[in-house]
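Each chain, written out:
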Amino acid sequence: MKMYKVNVIDVNHMKINGKADHPLWEKAIVLNDFSSPWHFEDVEDIEFRALHDGSNLFVSYRVNDSSLHIDSTDDTKKNVDNSDRVELFLRSDKHLDPYYCLEIDPLARVQDFMARPNRTFDFMWDWPKQDISIKSDMTSSSFSVELAISIDSLKRFKLIQNDGHIEAGIFRAKYSQQQNGQFEPTWITWVDPQTETPEFHIASAFGKLKLENFKLSKTG
């Protein structure tokens, strides 16, 4: 499996504002190894970073894109499905039973749900609001998204393994207007799931986030 090292920072120093511009992000490894295995066009520049301070996992995305598509029909979760977005899937093990999905558009609207194998989705489920903070920012040529997820919630959902790694899918959906006027997505991923058609809800689409200097306590 691909692995990304999540560097550790001092507790209570990181502040997110959606711009991903806090100086502590300089301590994070830049992950930009993204592709769209099912399309021939070039992928817009995407940078993923992650850090942790023992209390929270911090994640940021920076996406270069001057032609964002955002469905603003209303503010329901469904609109996120039809918008440019970044995605973070987290699973407890390779059986995907269950796994948790966070899909976030440039307005920081989130489609969060719990899922089980064979695309069994529970859209009534929400990541506990006290355990997550999401912010975003847009410019004329890019957008960024930041998340702070409590380590306690990752433990409760059994998403941190004993050696301190988290199994994660890191994705992006880019919507482009077609000749018929409709918007269709290009699916972009960190890990190539080796499927003939786009598919993220599958075990082979995940890699590992290894939290530096983190060990799961026996009671955790």
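Described below are features of the structure shown in this document. (Residues numbered from 1 in each chain as written. Predicted model: local features only at pLDDT ≥ 70, side-chain atom pairs only at ≥ 80, totals over all residues. Heavy atoms only, no water.)

### Concerning the overall build of the chain
For clarity, the cut-off: Elements are defined by DSSP. Helices are runs of H or I of four residues or more, strands are runs of E of two residues or more, and each kind is numbered from the N terminus. In this description, contact between two residues means that some pair of their heavy atoms is separated by no more than 4.5 Å. What sets the accessible areas is the Shrake-Rupley method with a 1.4 Å probe; for residues, cover comes only from the shown protein chains. Counted as positive: Lys and Arg. Counted as negative: Asp and Glu, with His and the chain ends omitted from the count. The location of each charge is read from NZ of Lys, CZ of Arg, CG of Asp or CD of Glu.
Looking only at helices and strands, the chain features two helices and 12 strands. Order of helices (α) and strands (β) in the chain, N terminus to C terminus: β-β-β-α-β-β-β-β-β-β-α-β-β-β. Restricting the contact set of the chain to residue pairs at least 6 apart, pairs at least 24 apart contribute 62%. Split by element, the accessible area of the chain, about 10900 Å² in all, is 46% carbon and sulfur. Across the chain, the centroid of the 26 positively charged side chains sits 7 Å from that of the 35 negatively charged ones.

### A closer look at the environment of Asn162
Position of Asn162 among the secondary structure elements: in the loop between α2 (151-156) and β10 (165-177). Taking the C-alpha atoms as reference points, Asn162 and Ser60, separated by 102 residues in sequence, lie 24 Å from one another. When residues no more than four places from it in sequence are discounted, the contact partners of Asn162 are Lys215 and Leu216.

### Describing the packing of aromatic side chains
The condition is simple: Geometry of aromatic contacts follows a simple scheme: Phe, Tyr and Trp rings, the Trp one being its six-membered ring, pair when their centres are within 6.5 Å, and the pair is stacked under 30 degrees between planes, edge-to-face over 60, tilted otherwise. The rule is simple: take the accessible area with a 1.4 Å probe, protein chains only, and divide by the maximum for that residue type; under 20% is buried, over 50% is exposed, in between is partly exposed. Two limits define a charge over a ring: the Lys NZ or Arg CZ must be within 6 Å of the ring centre, and within 35 degrees of the ring normal.
Applying the stated criterion across every chain, the model contains 17 aromatic pairs. Aromatic side chains Tyr99 and Phe206 sit 6.4 Å apart centroid to centroid with 90° between the ring planes, which places their arrangement in the edge-to-face category. Residue Tyr99 is located in strand β5 (residues 99-104), and its partner Phe206 is located in the loop between β11 (183-189) and β12 (207-211); the two are separated by 107 residues in the primary sequence. Per residue, the accessibility class of Tyr99 equals that of Phe206, and both read buried. Centre to centre, the rings of Phe121 and Phe123 are 5.7 Å apart; their planes meet at 75°, and the pair counts as edge-to-face. By relative accessible area, which is 26% here, Phe121 ends up partly exposed. Each residue in the set Trp38, Phe89, Tyr99, Phe171, Trp187, Phe200 and Phe206 is aromatic and connected to the rest through ring pairs, giving one cluster. Over the ring of Phe157 we find Arg156, and its NZ or CZ is 5.8 Å from the ring centre.

### Quick notes on the side chain of Asp53
Quick note on the threshold: Salt bridge criterion: a side-chain nitrogen from Lys or Arg within 4 Å of a carboxyl oxygen from Asp or Glu. Pairs of N or O atoms within 3.5 Å make up the polar contacts considered here, provided that, within protein, one atom can donate a hydrogen while the other can accept it, and that residues adjacent in sequence are counted only when both atoms are side-chain atoms.
On the secondary structure map, Asp53 appears in the loop between β2 (46-52) and β3 (56-64). It is Lys15 that comes nearest to the buried, bridge-free Asp53 among opposite-charge side chains, at 8.7 Å. Polar contacts involving the side chain of Asp53 include one to the main-chain amide nitrogen of Ser55, which spans 2.9 Å. A polar atom in the side chain of Asp53 sits 2.8 Å from the backbone nitrogen of Asn56. With residues up to four places along the chain from it excluded, the contact list for Asp53 reads Ile9, Asp10, Val11, Asn12 and Phe58.

### Quick word on the nonpolar core
The criterion, for reference: Within this scheme, the nonpolar core is defined by two criteria: the residues are buried Ala, Val, Leu, Ile, Met, Phe, Trp, Tyr or Cys, and they are joined through side-chain atoms within 4.5 Å.
The biggest cluster of nonpolar side chains holds 51 residues, and the ones touching the most others in it are Tyr4, Phe48, Trp127, Leu147, Leu154, Ile170 and Leu209. If we skip the residues at most four places from it in the chain, Leu147 touches Ile16, Leu57, Phe58, Val59, Tyr61, Leu102, Ile104, Ile132, Ser133 and Ile134. Within the second largest apolar cluster, 11 residues are counted, among which are Phe171, Phe200, Ala205 and Phe206.

### A closer look at the pairing of strand β6 (residues 110-116)
Threshold: DSSP calls a pair of strands paired once it identifies at least 2 bridges connecting them.
Along β6, five of the seven residues are buried, which leaves the element largely enclosed by surrounding structure. As paired strands, β5 and β6 are joined by six bridges and run antiparallel to one another. Bridge pairing in β6 places Glu103 opposite Gln111. Connecting β5 to the antiparallel partner β6 that follows it, the hairpin turn spans five residues, and Ala108 within it adopts a positive phi of roughly 70°. Sheet topology note: the β6/strand β7 (residues 120-122) ladder contains three bridges and is antiparallel. Counterpart to Ala115 in the pairing with β7 is Phe121. Taken together, β6 and the strand that follows it, β7, pair antiparallel across an intervening segment of three residues, in which Asn118 is found at a positive phi of about 65°.

### Digging into a negative patch on the surface
Heads up, the condition is: Surface patches are defined over residues having more than 30% relative accessible area and no salt bridge, joining like charges when they lie within 9 Å and nonpolar side chains (Val, Leu, Ile, Met, Phe, Trp, Tyr) when within 5 Å.
Together, Glu41, Asp42, Glu44 and Asp45 give the surface a local cluster of negative charge. Its place among the elements puts Asp45 in the loop between β1 (3-8) and β2. With a relative accessible area of 51%, Asp45 lands in the exposed category.

### Quick notes on unusual backbone geometry
Backbone phi values are negative for most residues with the exception of glycine, while trans is the configuration of most peptide bonds. Residue Pro98 follows Asp97 across a cis peptide bond; omega there is 5°. Mapped onto the elements, Pro98 comes out in the loop between β4 (85-91) and β5. One non-glycine residue, Asn118, lies in positive phi territory at about 65°. Here Asn118 is to be found in the loop between β6 and β7. Here Lys158, not a glycine, exhibits a phi torsion of approximately 60°, which is positive. Topologically, Lys158 is positioned in the loop between α2 and β10.

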